[in-house]
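Residue-level listing of the chains:
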Amino acid sequence: MSSPRVLLALALAPILTFLRRRSSRRSRKLPRKNERILLIGASSGIGRTLAHQYAALGVKSLCVVGRRPDMIAEVASEADSATAREGTTEVLGVAADFTKVEDMVNLRTQLESKWGGIDTLIVVAGVSALRPLLEISGKGDKEGIQHLVDVSNRAIEGNFTGPLIAAATFIPLLQRTSSSPSILLVNSLASAIPAPTRALYASTKASSLHLYQALAIEHPLIAFTNFLPSTVEGDFRASAIDGGTPREADPNKTGLKRVDVARRCIQAIERGEKNVFMPWVMGPAHLLYWMWPRLLERFASKKYQFSVETQ
Ligand SMILES: NC(=O)c1ccc[n+]([C@@H]2O[C@H](COP(=O)([O-])OP(=O)(O)OC[C@H]3O[C@@H](n4cnc5c(N)ncnc54)[C@H](OP(=O)(O)O)[C@@H]3O)[C@@H](O)[C@H]2O)c1
C-alpha cells in the first residue's frame with residue numbers, strides 16, 4: 001500500500017471514530033434506582049466486577065448468573081455487601097447455563113414473577129480457545145478432524161449459541177416490561193482484528209457480534225451496545241476449551257483492569273453507545289486493518305508470539 005493512502009487512513013481514522021461515537025449516542029433516561037439488571041456470566045472476571053459496581057451504584061435489582069452455584073452464591077453475597085449505604089439493591093443469584101434453553105426460560109419465568117421484568121441484559125459469558133487450528137486437528141486424519149469439530153462445537157456453544165438463546169429468551173421480556181430496554185454484549189477485539197492462535201475464538205465471537213448488530217436493527221427500541229475489549233486481566237484463558245496455553249505476555253501484568261472495563265461497560269450502556277472498543281485506539285486500528293492488513297497481521301503475530309516457521 002502506498003504511503004499517501006496510509007497517511008490518509010491515519011488522518012481519517014480518528015475523525016471517523018469521533019463521528020461514529022457521536023452518531024451512536026442516545027443517552028438513557030432510566031434512573032439507576034429503577035433499573036433491573038440481568039447479568040449472565042457473573043461468577044468471575046468482568047461479570048463479577050460488574051456485579052460489585054452495579055450493587056455499589058444502588059440499582060433496583062440485580063440478578064447474577066453463572067453455572068457454578070457456589071461461585072454465584074459468593075458473588076451474590078459480595079454484591080449484597082457492596083450495595084450502596086442508602087441503596088436497596090435486591091440481589092438474586094441463579095445457577096444456570098446460558099447454552100441451555102430450559103435454564104434460560106426458567107430464569108425468565110422467575111424474573112418476571114419476582115420483578116415484573118428486566119431493563120438491562122448484560123451477556124458476559126464466553127469461552128476461550130488458544131491453539132492454532134491445525135494443531136487441534138493433529139495429523140489431519142479422520143480422528144484429528146473429528147476432534148477439531150468437537151472443539152469447534154464447544155466454541156460455537158459458548159460464544160454463539162449462548163448469546164443466541166439469551167437474545168431469543170430475553171428480548172421479548174425486555175420489550176414487554178421495560179420503558180428503556182438495553183442489551184450489552186461483552187464481545188472481543190478478536191472479532192474485529194484477527195489473531196493467530198485465536199481462529200476458533202475470534203470466528204465464534206465474531207458470529208455473536210454480527211448477530212447482535214443485526215438484532216439492533218431488527219429491534220430499534222432496544223439500545224444495543226457491543227463491547228470489544230482487548231486483553232483483560234484474569235483467568236479467562238485457564239479454561240480454554242482446546243486445552244491450549246497462552247503464548248502472549250501475562251494478562252495480569254499487561255491486560256486491561258477489570259474495574260476499568262466494568263466501569264466503561266456501565267458508561268456505554270448509560271450513554272447508549274453502539275460499538276465500543278477498549279482501548280478506544282483499537283477502533284481506528286480496526287479500520288486500519290482493512291486498509292493495511294499486513295501491518296496489523298505483523299502486530300498480531302508479535303503479540304501472540306506466532307511464526308509460521310515454529311509451527
Ligand atoms: N479476559 C480477556 O482477556 C477478554 C478479552 C476480550 C474479551 N473477553 C470476553 O469477556 C467475557 C468474560 O471474560 P472474563 O475475562 O471475565 O472471563 P471469566 O472470568 O472466565 O468469566 C467468564 C464467565 O462466564 C461464565 N460462563 C461461561 N460459560 C457459561 C455458560 N455456559 N452459562 C453461564 N455462564 C457461563 C463463567 O461462569 P461459570 O463457569 O460459573 O459458568 C464466568 O462467570 C468473555 O465473553 C470473553 O470472551 C475477555
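Chains are numbered independently. Their residues run from 1 in the order of the written sequence. Local features in a predicted model are, by the rule used here, given only for residues with pLDDT of at least 70; side-chain atom pairs are given and counted only at 80 or more, and totals for whole chains, interfaces and linings are based on all residues. Each side-chain value is derived from all of the structure's non-hydrogen atoms; neither hydrogens nor water enter the calculation.

Looking at an unreviewed UniProt entry, the protein chain carries the name NAD(P)-binding protein, with the source organism given as Roridomyces roridus. UniProt positions are given in the numbering used here, feature names are shortened, and annotations may be inferred rather than shown by experiment. For the record of the protein chain, the UniProt heading Sequence similarities (unreviewed entry) holds the text "Belongs to the short-chain dehydrogenases/reductases (SDR) family." UniProt, in the comment section headed Function (unreviewed entry), describes the protein chain in these words: "Putative oxidoreductase."

Trainee: Explanation requested: the site of the ligand in the structure shown.
Mentor: Proximity is defined per residue: any heavy atom of the residue falling within 4 Å of a molecule or strand makes that residue near it. Around the ligand sit 27 residues, and of these S43, R67, V124, Y201 and R237 come closest. For this analysis, a polar contact is any N or O atom pair within 3.5 Å, provided that within protein one partner can donate a hydrogen and the other can accept it, and provided that sequence-adjacent residues contribute only side-chain to side-chain pairs. Between the ligand and Y201 there is a distance of 2.6 Å, counted from an oxygen atom to a side-chain nitrogen or oxygen. Side-chain polar atom of R237 to an oxygen atom of the ligand: 2.7 Å apart, as the coordinates give it. For the area figures, the Shrake-Rupley method with a 1.4 Å probe applies, and any residue is considered shielded solely by the protein chains shown. Computed on the free molecule, the ligand has an accessible area of 880 Å², of which 94% lies beneath the protein chains in the complex. The numbering of helices and of strands both runs from the N terminus, where a helix is a DSSP run of H or I of at least 4 residues and a strand a run of E of at least 2. For the shell around the ligand, the secondary structure elements donating two or more residues are helix 2 (45-57) and helix 7 (199-218). Split by residue class, the shell around the ligand holds eleven nonpolar, eleven polar and five charged. When residues are grouped by polarity, Ala, Val, Leu, Ile, Met, Phe, Trp, Tyr, Cys and Pro land in nonpolar, Asp, Glu, Lys and Arg in charged, and all others, Gly among them, in polar.

Trainee: I tried to follow the sheet that holds strand 6 (residues 223-229) on my own but got confused; where do I start?
Mentor: Strand-to-strand pairing in sheets goes through backbone hydrogen bonds, with the strands running parallel or antiparallel. Should DSSP find at least two bridges between two strands, the strands are taken to pair. Ordered by their spatial adjacency, seven strands build an open sheet running 3-2-1-4-5-6-7, and the pairing between neighbours is parallel. Strand pairing shows two members of the sheet lacking a second neighbour, strand 3 (90-95) and strand 7 (275-278), which therefore form its edges. Each neighbouring strand pair of the sheet contributes to a mean axis angle of 15°, computed without reference to strand direction. Pairing analysis gives five bridges linking strand 1 (residues 36-40) to strand 2 (residues 61-66), with the strands arranged parallel. For every element, the axis is a line fit to its C-alpha atoms; helices are fit only across the contacting stretch, and the angle between N-to-C directions ranges from 0 to 180 degrees.

Trainee: Sorry, what's going on with the pattern of salt bridges here?
Mentor: Pairs can form between side chains of opposite charge once their charged atoms are near each other. In the sections that follow, a salt bridge refers to a side-chain nitrogen of Lys or Arg positioned within 4 Å of a carboxyl oxygen of Asp or Glu. Counted by the stated rule, this structure contains 14 salt bridges. A salt bridge links R48 to E74; its shortest N-O distance comes to 2.8 Å. Note that R48 is positioned in helix 2 and E74 in helix 3 (residues 69-82), a separation of 26 residues in sequence. A relative accessible area of 13% means that R48 is categorised as buried. Notably, a salt bridge pairs E78 with R48, separated by 2.6 Å at the nearest N-O pair. With E78 in helix 3 and R48 in helix 2, this residue pair connects regions lying 30 residues apart in the sequence. A relative accessible area of 27% places E78 in the partly exposed class. A single network of salt bridges, built from pairs that share partners, joins R48, E74 and E78. For each residue, the accessible area found with a 1.4 Å probe, counting protein chains only, is set against the maximum for its type, and the residue is called buried under 20%, exposed over 50%, and partly exposed in between.

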